[in-house]
Amino acid sequence: MKKAHTYIALPEGYREYFHVNLQKDRKTALFVNITALVVGILMFALGHFAFVSITDLYDMDDGLLIYFGRIIALLLGFVIYIVLHELTHAAVMKFFGAKKLRFGYTGIYAYAGSETDFFDKHAYIPISLAPLIVWGIIFTVLLIVVPRSWFWVVYFWQIGNITGAMGDLYVTFKFSPMPKDILIRDTGTEMTIYSKA
């Protein structure tokens, strides 16, 4: 019989083990955001000094139309990526059996979650890391094939992908050493972890 990875009700004997709310827990939110900022600065420096100078983003040799096209693509791409990031979370939640998903925007970040589903550790870690891995691969391939003048457009998307996943990485590292039986309820704005242990 196939093992369930998602439950629509908390199994008997489970109690709250841990709680995370990155909106209200200012210390954790500050840690996550400072980490993201440091990673973003390091990635920017790496791109500029090891790959392509940032000045290439502003190169107008291809004409004003192409120049403004790059800038529009960069900004529009960020908006589209945010939607795709949350849809990727949602797709993996559905893959593991989520019944009812909710989407939203807090004013600080977008989210996908569920108020009714409880995910086990085997399901939740892939749910958490899926956008980082999937879009990380896609953007890496694009970086290899796009012209030099478009490098920074895609590289900024990649920086956004990695820094935007700092919260996902934080909860993954936080949950990994927890008991194997944990169940996670992720409403999108907060996570409650339950365990029998």
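For clarity, every value in this text was computed on a predicted model and none was experimentally measured.

The rules behind these values
Numbers given for residues are sequential positions, taken from 1 along each chain in its written order. In keeping with the model being predicted, local features are shown solely for residues with a pLDDT of at least 70 and side-chain atom pairs are shown and tallied solely at 80 or more, while totals for entire chains, interfaces and linings include all residues. Hydrogens and water molecules were not included; the side-chain quantities draw on all heavy atoms of the structure. The helix count covers DSSP runs of H or I at least four residues long, the strand count covers runs of E at least two residues long, and both are numbered beginning at the N terminus. Partly exposed residues are those whose accessible area sits between 20% and 50% of the maximum for their type, while under 20% is buried and over 50% is exposed, using a 1.4 Å probe and protein chains only. When DSSP finds two or more bridges between two strands, those strands count as paired. Two aromatic rings from Phe, Tyr or Trp, using only the six-membered ring of Trp, form a pair when their centres are within 6.5 Å; if the ring planes differ by under 30 degrees the pair is stacked, by over 60 it is edge-to-face, and anything between is tilted. Between two residues, a contact is recorded if the distance between any of their heavy atoms is within 4.5 Å. Working convention: axes come from line fits to C-alpha atoms, limited for helices to the stretch in contact. Angles between N-to-C directions cover 0 to 180 degrees.

Engineer: I'd like to hear about the environment of Val83, residue by residue, with values.
Structural biologist: Along the polypeptide, Val83 turns up in helix H2 (residues 64-95). We classify Val83 as partly exposed; its relative accessible area is 48%. Separated by 55 residues in sequence, Val83 and Ile138 place their C-alpha atoms 15 Å apart.

Engineer: Hey, could you go over the pairing of strand E4 (residues 110-113) for me, with residue numbers and the actual values?
Structural biologist: Inspection of the sheet shows strand E3 (residues 102-105) paired to E4 by 4 bridges, in the antiparallel sense. Looking at E4, one finds that Phe103 is bridged to Ala112. Connecting E3 to the antiparallel partner E4 that follows it, the hairpin turn spans 4 residues, and Gly107 within it adopts a positive phi of roughly 100°.

Engineer: Mind laying out the packing of aromatic side chains, listing which residues take part and the relevant values?
Structural biologist: Considering all chains together, one arrives at 16 aromatic pairs under this definition. Each ring, one from Phe44 and one from Trp152, has its centre 5.2 Å from the other, and the planes form 50°; the classification is tilted. Within this pair, whereas Phe44 is found in helix H1 (residues 26-51), its partner Trp152 is found in helix H4 (residues 151-164), the two being separated by 108 residues in sequence. Overall, Phe44 belongs to the partly exposed group, its relative accessible area being 32%. Residue class for Trp152 comes out buried when judged on its relative accessible area of 0%.

Engineer: Explain the side chain of His5 to me, and be specific about the residues and the numbers.
Structural biologist: Looking at the secondary structure, you find His5 in the segment before strand E1 (6-7). With near-sequence residues (within four places) excluded, His5 lies in contact with Phe96, Phe118, Phe119, Asp120, His122 and Ala123.

Engineer: Run through the sheet that holds strand E7 (residues 191-195), naming residues and quoting values.
Structural biologist: Across the sheet, which stays open at both edges, the 5 strands sit in the order E1-E5-E6-E7-E2 with antiparallel pairing between neighbours. This sheet does not close on itself; its edge strands, each paired only once, are E1 and strand E2 (15-20). Here E2 runs beside E7; their pairing, made up of 5 bridges, is antiparallel. Each residue of the ladder has a partner; that of Val20, found in E7, is Met191. Seen against the sheet, helix H3 (residues 121-145) touches strand E5 (118-120), strand E6 (183-186) and E7 and runs at an angle of roughly 95° to E5.

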